[in-house]
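Observations on the model geometry
One letter stands for each residue in the lines below.
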Amino acid sequence: MIKLDMNEFKMLRDFIELHCGIHLDETKTYLIETRLTTLLAEQGCTTYSDFYFKAKNDPTNTLREKIIDAMTTNETLWFRDATPFNAFQKHFLPHFGKEIASGKKSRIRIWSAASSTGQEIYSIAMLILEYCRLQTTLRPEHFELLATDISPTVLFLAKAGRYDTHVISRGLPDEMKKKYFKSDGKIWVIDDCVKKMVTFKKLNLQEDFSFVGKMDLIFCRNVLIYFSEELKKDLLHRFGNLLRPGGYLLVGSAESISNYSSEYSLHTFEKAMYYQIK
Ligand SMILES: C[S@@+](CC[C@H](N)C(=O)[O-])C[C@H]1O[C@@H](n2cnc3c(N)ncnc32)[C@H](O)[C@@H]1O
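The following paragraphs examine the structure supplied in this document. Only a predicted model underlies this, so the values are computations on that prediction, with no experimental measurement involved.

Glancing now at the site of the ligand. Neighbouring the ligand are 20 residues; C20, T76, A114, D149 and N222 lie closest to it. For the ligand, an oxygen atom lies 3.0 Å from a polar atom in the side chain of N74. Taking I150, its main chain carries an N or O atom lying 3.3 Å from a nitrogen atom of the ligand. Calculation on the ligand without its partners gives an accessible area of 600 Å², and the protein chains cover 99% of this total. Put simply, the ligand lies in the largest pocket. Considered class by class, the residues forming the shell around the ligand number seven nonpolar, eight polar and five charged.

Below you can see the structure in the form of structure tokens.
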């Protein structure tokens, strides 16, 4: 494997942070080496300096997109960590149901802000469909679900809604699988009734996202950990501007925002923690 020297590490680290916000400290040289080695060979580069300048001077930004794809961690699964989805089902949905029934709101807008291959937003959509079967005051049309990610590759997979046997088995209860997926034995395809509830878009969280409009609930899980303190603070502030009064923010179970923002209050529901804009 071709090794990175410190100068090359700094150039690539800054390039990566500039374009996707992922912050790498000096203990992460191995991460760049392991994640970019295939791309380096594919580009015919013999040093990381050549590779960096090729990416920097590529007018099409194709190599830059490939670098972002390689450097982002897209790990996700159905109903990841369970407790936020339990809170969604038992706490948020009844609350939203009351808001709709009382006429306080006509639409509930939910955003999965680092959606990866779609398991998070599709888990939310399936819970909404289940809830609407029981509560006739709520209908799927009352919800607008947006899912965004910086990586075109994961968005392509999410939009296709096609998952192999290994991926489908990670966290998805059998009854949900039977109800909402069709399979040819190898690939599981999500039902249109779930798919049509979600709009997927490419979005870099570093950039202005006010155009997505006001939200009732933001899932921003397992991505803040990759960002610098400064970006976390800025992002949390911009999420706050987007949340409707009393709107909710859910972050990953290993993430806490208390050091980065005082604009939210922390709450618990059973074992789930969630934030609410003050
Ligand atoms: C570990 S996955 C989390 C997926 C899902 N939220 C979950 O918790 O299972 C992190 C995702 O964040 C995306 N990501 C990384 N940097 C981003 C940025 N600057 N803007 C938008 N998405 C980003 C990655 O492409 C990746 O799909």
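With that settled, the discussion passes to helix α1 (residues 6–20). Note on helix geometry: an α-helix contains 3.6 residues per turn, so any two residues three or four positions apart are oriented the same way. If you check α1, its first and last C-alpha atoms are 21 Å apart, about what 15 residues at 1.5 Å a residue would give, namely 21 Å. Among the residues of α1, those classed as buried are E8, F9, M11, L12, R13, F15, I16, H19 and C20. The opening residue of α1 is D5, an N-cap whose side-chain oxygen sits 3.1 Å from the backbone nitrogen of N7. Downstream of α1 by one or two residues, G21 has phi in the positive range, about 85 degrees.

Let's shift gears to the environment of G246. If you trace the backbone, G246 turns up in strand β8 (residues 243–251). Classification of G246 as partly exposed rests on a relative accessible area of 28%. Sequence separation of G246 and Q276 is 30 residues, and the distance between their C-alpha atoms is 5.9 Å. In this view, G246 contacts Q276 and I277; residues no more than four positions away in its chain are not counted.

A word on helix α3 (residues 48–56). Of the positions making up α3, those classed as buried are Y48, F51, Y52 and A55. Looking straight down α3, one finds that the buried residues subtend no more than 100 degrees of arc, so they occupy a single side. Buried residues along α3 sit against α1, α2 (29–42) and α4 (62–71).

A few words now on the side chain of N204. Considering the arrangement of structural elements, one finds N204 in the loop between β6 (198–202) and β7 (215–220). Take N204: its relative accessible area is 10%, and that puts it in the buried class. Of note is the side chain of N204, whose polar atom sits 3.0 Å from the backbone oxygen of H19. One polar contact links the side chain of N204 to the main-chain amide nitrogen of Q206, over a distance of 3.0 Å.

Let's shift gears to the sheet that holds strand β10 (residues 272–277). Read from one edge of the open sheet, seven strands run β6-β2-β1-β7-β8-β10-β9, paired in mixed fashion. The sheet is open, and its two edges are formed by β6 and β9 (264–269), each paired on a single side. Going from strand to strand, the sheet's axes swing by 25 degrees on average, the running direction of each strand aside. In terms of strand pairing, strand β1 (residues 108–112) meets β7 through three bridges, oriented parallel.

Turning to the nonpolar core, a few remarks are in order. The biggest cluster of nonpolar side chains holds 46 residues, and the ones touching the most others in it are F88, I110, I128, L145 and F181. It is helix α6 (residues 119–134) that contributes the most residues to this core, 10 residues altogether. One finds V223, L231, L242 and I257 within the second-largest nonpolar core, a separate group that totals 26 residues.

Here we take up the layout of surface pockets. Where empty space is left becomes clear once a probe the size of a water molecule has been rolled over the atoms. Of the voids in this model, the largest pocket is the one considered here, and its volume is about 390 Å³. Lining the largest pocket are 25 residues, with T73, A114, D149, N222 and V223 sitting closest to its centre. Classifying every residue of the lining of the largest pocket gives 12 nonpolar, eight polar and five charged. Here the second largest pocket defines a volume of roughly 270 Å³. Around the second largest pocket, the lining comprises 16 residues; the ones closest to its centre are F143, E144, L145, M197 and T199. Contributing elements (two or more residues each) for the lining of the second largest pocket: β1, β2 (143–149) and β6. Broken down by element, the residue count for the lining of the second largest pocket peaks at four residues, all from β2. Considering only residue class, the lining of the second largest pocket consists of 10 nonpolar, one polar and five charged.

Now for the environment of S151. Locating S151 in the fold gives a position in the loop between β2 and α7 (152–160). S151 sits in the buried class, given a relative accessible area of 0%. Once the C-alpha coordinates of S151 and V198 are considered, the two residues, 47 residues apart in sequence, prove to be 17 Å apart. Separated by 3.2 Å, the side chain of S151 and the backbone nitrogen of V154 make a polar contact.

Calculation criteria
- Residues numbered from 1 in each chain as written.
- Predicted model: local features only at pLDDT ≥ 70, side-chain atom pairs only at ≥ 80, totals over all residues.
- Heavy atoms only, no water.
- Near = heavy atom within 4 Å.
- Polar contact = N/O pair within 3.5 Å; in protein donor to acceptor, adjacent residues only side chain to side chain.
- Areas by Shrake-Rupley, 256 points an atom, 1.4 Å probe, with all protein chains shown as cover.
- 1 Å grid on protein atoms, 1.4 Å probe; cavity = no way out; pocket = protein on both sides within 12 Å on 5 of 7 lines; lining within 4 Å.
- Sits in = over half its atoms within 2 Å of the grid points.
- Nonpolar A, V, L, I, M, F, W, Y, C, P; charged D, E, K, R; others polar.
- Helix = DSSP H or I, 4+ residues; strand = E, 2+ residues; numbered from the N terminus.
- Expected span 1.5 Å × (residues − 1).
- Buried < 20%, exposed > 50% of the residue type's maximum accessible area, 1.4 Å probe, protein only.
- Contact = heavy atoms within 4.5 Å.
- Arc of directions from axis to C-beta.
- Pairing = 2+ DSSP bridges.
- Axes fitted to C-alpha atoms, helices over the stretch in contact; angles between N-to-C directions.
- Core = buried A, V, L, I, M, F, W, Y, C linked by side-chain atoms within 4.5 Å.
- Points joined across faces, edges and corners; volume = space filled by probe spheres on them.

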